[in-house]
Every structure is written in structure tokens, then in C-alpha cells.
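This is what each chain is made of:
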Amino acid sequence: MNSLIDKYNIPGPRYTSYPTVPYWDESTFSPESWKESVIRSFHESNAEEGISIYIHLPFCEALCTFCACHKRITKQHSVEVPYLESVLKEWKLYLKLFNEKPKLKELHLGGGTPTFFSPENLKTLLEGIFSTVEIAEHPEFSFEGHPNNTTKEHLQTLYNLGFRRVSFGVQDYDPKVQKAINRIQPFENVKNVTEWAKEIGYRGISHDLVFGLPHQTWEAMEHTIRKTMELKPDRLAFYSYAHVPWVKGVGQRGFDENDLPSGEEKRRLYEDGKKLLQDLGYIEVGMDHFSLEHDDLYQSLIHKKLHRNFMGYTSSNTQLMVGLGMSAISDSWYAFAQNVKTVEEYQTMVEEGKIPVVKGHVLNEEDLIVRRHILNLMCQLETTFTIDNSFPELDNALDMLKEMENDGLVEISGKEIKITEAGRAFTRNVAMVFDLRMMRNKPETRIFSMTI
């Protein structure tokens, strides 16, 4: 395994989209082309599957130095109402593009820290959206809760509004690791919010753990997993720490790179962690997720309905996902769009009646074909691959896949390509074989975190 880690531990995307954001072609994108793609996607899919909404709530009271999300650090809660008013105004701009009531299938509150906002203000936001939509049958509403500031009132208010899933960011329980990442979070806080959620009736409780953090050892990781098992969440995200200190605003400055586990040590954290989770009854789903057998994530995997988008893995698959809020990313299937990245610019554009996108990408026929292959690999660990003469670069893909087959990472049978159990750790590498845009324009500087 160590020699494979040395060979394949290279910078690579996490493939929440294809093309990945650094390879978006902005020359073919405009606010008008974005609106056209939204209208097309809405009319193709709304009546049957409905749409998804992602709301980015960017405020945090403190900076976690492992975080690579777009956020605004403040303790001034006076920012809540003006920001949420802007989100509702942005949503009204999208409503003008539709000539029928949207059917809402999936909604996710991400951040930042969604529970920075008071339960009352979140209720006002959500009721403002719900008053304009038809709620689909069996909707999937979820939010991210910070264990230190999620109250029982938060949980009850959102449950009453139809939320049944919540994910709590745990990361690690080791005090030395918590200090390095500026995330001091006692187990007791996680225990309280998890037990409240169960008591209220949430059926999808998730804990987010991160491996590869500064000063992290296997002993600390094992302790974190075993403490997590005392609370038995329905699912776990077991993320690889993405070290990208060169990205503006991520705040990964609270430690030295020498404090991070080596590639070999980091992989051991994952492999031993995975084995322990499986011994404790969790099943690996896709890449970096685990769930109990009853959970929707596992059920969507075995029924081949697992999907991946900018919200990560999801058991719902809608063609149109509208991202609201500062820096939020939207996906119409035919195009991607990202909102402006500062609160002030976001609010100004919305006040001017403009959908606040700053960049995006319109997918061409080739993009759509490659996107399907990469989605298949990321969600089902397999795809059916036929070389098309119109994409000559994919000739090289077969050679690379054969090398991966020799290394035991994939199995090739005719047109079928399957990632093996040993290859799961290298899923991102297998997907990179199909990434034509990166193949044609290899980055001169590092823009992605390491794959292992």
C-alpha cells in the first residue's frame, strides 16, 4: 500500500462537479446564458422530480483553521436579518424565471455556521421560501449544526419546518488537535445536541470527522471514533483534511505543515479508521462516507440512486439546484454558476435586482459525457466506458486504467470499469483519468489538495 500511496498521492479534485471550478470556461458564460439554462432545466424536471435549494449562511463567531469554506467571522448578530432579507430577495429573482410554482424536493442549510442564526430568524427565512413553493412528497431537508451553539430550540424549530437530517461537525476530540484547529468542542456538547435530535425525532443524524489534521495520531483518531460510537449517529462523513493554505481566506495558518501527518500516516488514519467503523457496523458509501444499514444514504447506494453535487453525497437527485447566498454555487445540469464572494457585493447586487453570479461554466456535449462517467465512479464506483473518436485524449485513459488494473485499483471487463475494494482510497485518482479539461491544461501551480 505504501508504494501505491507514493505513486498516487498527487493533487486532485474532489469532484463535486465536472468540470471542476478551476477549469470553468468563463468565456462562454454570462448571466443571460445562466438564466436560459435555469429555465430549460426547470421546465424539463420540475413537474416530476422537483428542485433543490442550497442556502449558504456564511457567518461564524470564530475561525476554525482547518476550514476551506467561504465565511465571514463576526460576533455581531445584527448581520442576521439584513442577510436573510437579501437571500429572500435573491430567491424572488429566480421565481421570476419560472412560470409555475417550484416543487421543492431538497433543501440544505450550509455555511459558515447556520446555527449562528437565531431559530426565529431561520424560521422567517424558511417560511418565506416555503410560501412560494410546493413541497414534494418525501422531501429531504437538512442543515449543518455547530455543537457549541446549536440549541434545542434550533432543532425543534427546524424539525417543525420539515427538517429530518442534521450533521454535526465533530472533527476530532483530542485537545491538542482542537487547539491547533481553533475548534475547542467538548464531547458533552456533541452528546447533548445528538441526544436532543434523537429525542425530537430526527431520523438522519450525521457526525463529520476529519483525518489528517495537525498533531493527529491513530490513538487520537481511535478515541474520537469510539467516543462517536457511544452516540451511534446514523451516518458519518470521514473527510480527508484538505490542506490548501494558498487559497485566499481559508485561514489555514494556525499550524505548520510539519505538524501534519505524512501521506503514509494519513492513509493509516483512514484505513484503520475505516476498519474500526466497519467493525462497529458502518458500511462505506461512495468516497469518505459511512452509514448504518437503515440510513437513506446506504439505501440509495444499493438502489443505485446515490448522487453527488456541491452539497456532497445525497440520496435525492434533482436536475436543478439553486444556490442562494454569498458564494453559493448553483447547478442546472447544463451550467454551473457561483455567486459573488463578499457579503457586501452580494447584498448590493441583489438590491439592484441582479442574480448575483460572478462566474460560471456552460457545459458542452463533451463535458456532459465526462460528467456522467465521473459521477458514476464517485457514486457507484463503476462506469461503462466506450472510447469515442471525437475525444482522442480518452485513448490515453485506457492505458492509465490498465496500469491501475495492474496495481489492483480497478477491474476492467469489456466496457465495464469497476473500482475495487483496494481502489476505494484512490477513487479521486480513477476519476482524474477521465478529466479531459485537466488533461489538456495541467496546472503549473498547485490548486487542489492531495488525493490521499
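Residues numbered from 1 in each chain as written. Predicted model: local features only at pLDDT ≥ 70, side-chain atom pairs only at ≥ 80, totals over all residues. Heavy atoms only, no water.

**As for the packing of aromatic side chains**
The test is simple: The rule is short: rings of Phe, Tyr and Trp, with Trp giving its six-membered ring, pair when the centres are within 6.5 Å, and they are stacked under 30 degrees, edge-to-face over 60, tilted in between. Strands are runs of DSSP state E lasting at least two residues, helices are runs of H or I lasting at least four, and both sets are numbered from the N terminus onward. For each residue, the accessible area found with a 1.4 Å probe, counting protein chains only, is set against the maximum for its type, and the residue is called buried under 20%, exposed over 50%, and partly exposed in between.
Considering all chains together, one arrives at 20 aromatic pairs under this definition. With a centroid separation of 5.4 Å and an interplanar angle of 80 degrees, the aromatic rings of F59 and Y83 are classed as edge-to-face. With F59 in strand β2 (residues 59-60) and Y83 in helix α3 (residues 80-95), this residue pair connects regions lying 24 residues apart in the sequence. In this pair, the class of F59 matches that of Y83, namely buried. With 6.3 Å between their ring centres and 65 degrees between their planes, F143 and Y202 make a pair best called edge-to-face. Taken together, the residues span a long stretch of sequence, with F143 in strand β5 (residues 134-145) and Y202 in the loop between α7 (187-200) and β7 (204-211) at a distance of 59 residues. Taken as a pair, F143 and Y202 share a single burial class, namely buried. Taken together, the aromatic side chains of F130, F141, F143, Y159, F163 and Y202 make up a single cluster linked through ring pairs.

**Side note on the pattern of salt bridges**
What counts here: Here, a salt bridge means any Lys or Arg side-chain nitrogen found within 4 Å of an Asp or Glu carboxyl oxygen.
As enumerated under the stated definition, the model contains 29 salt bridges in all. Close ionic contact of R203 with E140 constitutes a salt bridge, the shortest N to O distance being 3.6 Å. Of this pair, R203 sits in the loop between α7 and β7 while E140 is found in strand β5, placing the two residues 63 residues apart along the sequence. Here D331 makes a salt bridge to R371, at a shortest N to O gap of 2.4 Å. Of this pair, D331 sits in strand β14 (residues 329-331) while R371 sits in helix α12 (residues 365-380), and the two are 40 residues apart along the sequence. We classify D331 as buried; its relative accessible area is 6%. With relative accessibility at 4%, the residue R371 sits in the buried group.

**What about the UniProt feature "binding site: S-adenosyl-L-methionine 1" (unreviewed entry) in the protein chain?**
In plain terms, the rule: UniProt positions are given in the numbering used here, feature names are shortened, and annotations may be inferred rather than shown by experiment. Contacts were defined at the residue level, with two residues in contact if any of their heavy atoms lie within 4.5 Å. Within 3.5 Å is the distance limit for a polar contact, defined as a pair of N or O atoms, with the added protein rule that one can donate a hydrogen and the other accept it, and that residues adjacent in sequence qualify only through two side-chain atoms.
The residues that UniProt annotates with the feature "binding site: S-adenosyl-L-methionine 1" (unreviewed entry) are Y54, G111, E144 and I329. Within the element layout of this structure, Y54 appears in strand β1 (residues 51-57). Every residue in contact with Y54, bar those within four places of it in the chain, is listed here: H108, G110, G111, M311, V322, G323, L324 and A328. Here the side chain of Y54 touches H56 through a polar contact of 2.9 Å, side chain to side chain. Residue placement: I329 occurs in strand β14. I329 gets classed as buried once you look at its relative accessible area, which sits at 14%. What I329 contacts, discounting residues up to four positions off in sequence, is V21, W24, F310, M321, G323, A337 and Q338.

**Some thoughts on the nonpolar core**
Defined as follows: Nonpolar cores were defined as sets of buried Ala, Val, Leu, Ile, Met, Phe, Trp, Tyr and Cys residues, with membership established by side-chain atoms within 4.5 Å.
The biggest cluster of nonpolar side chains holds 55 residues, and the ones touching the most others in it are Y83, W91, Y94, L109, F163 and Y202. With seven residues, α3 is the largest single contributor of residues to this core. Those residues in contact with W91 that sit more than four places away from it in its chain are I51, I53, F98, P102, I129, T132, V133, V322 and L324. Counting 38 residues, the second-largest nonpolar core is a separate cluster that includes Y8, Y298, V433 and F434.

**Details of unusual backbone geometry**
Cis geometry marks the peptide bond from Y18 to P19, where omega comes out at -5 degrees. Of note, the bond from G111 into G112 is cis; its omega dihedral lies within 30 degrees of zero at 15 degrees. The residue G112 is located in the loop between β4 (103-111) and α4 (119-130) in this model. Residue K232 is not a glycine yet carries a positive backbone phi of 45 degrees. Located in the positive-phi region is S327, a residue other than glycine, with phi close to 70 degrees.

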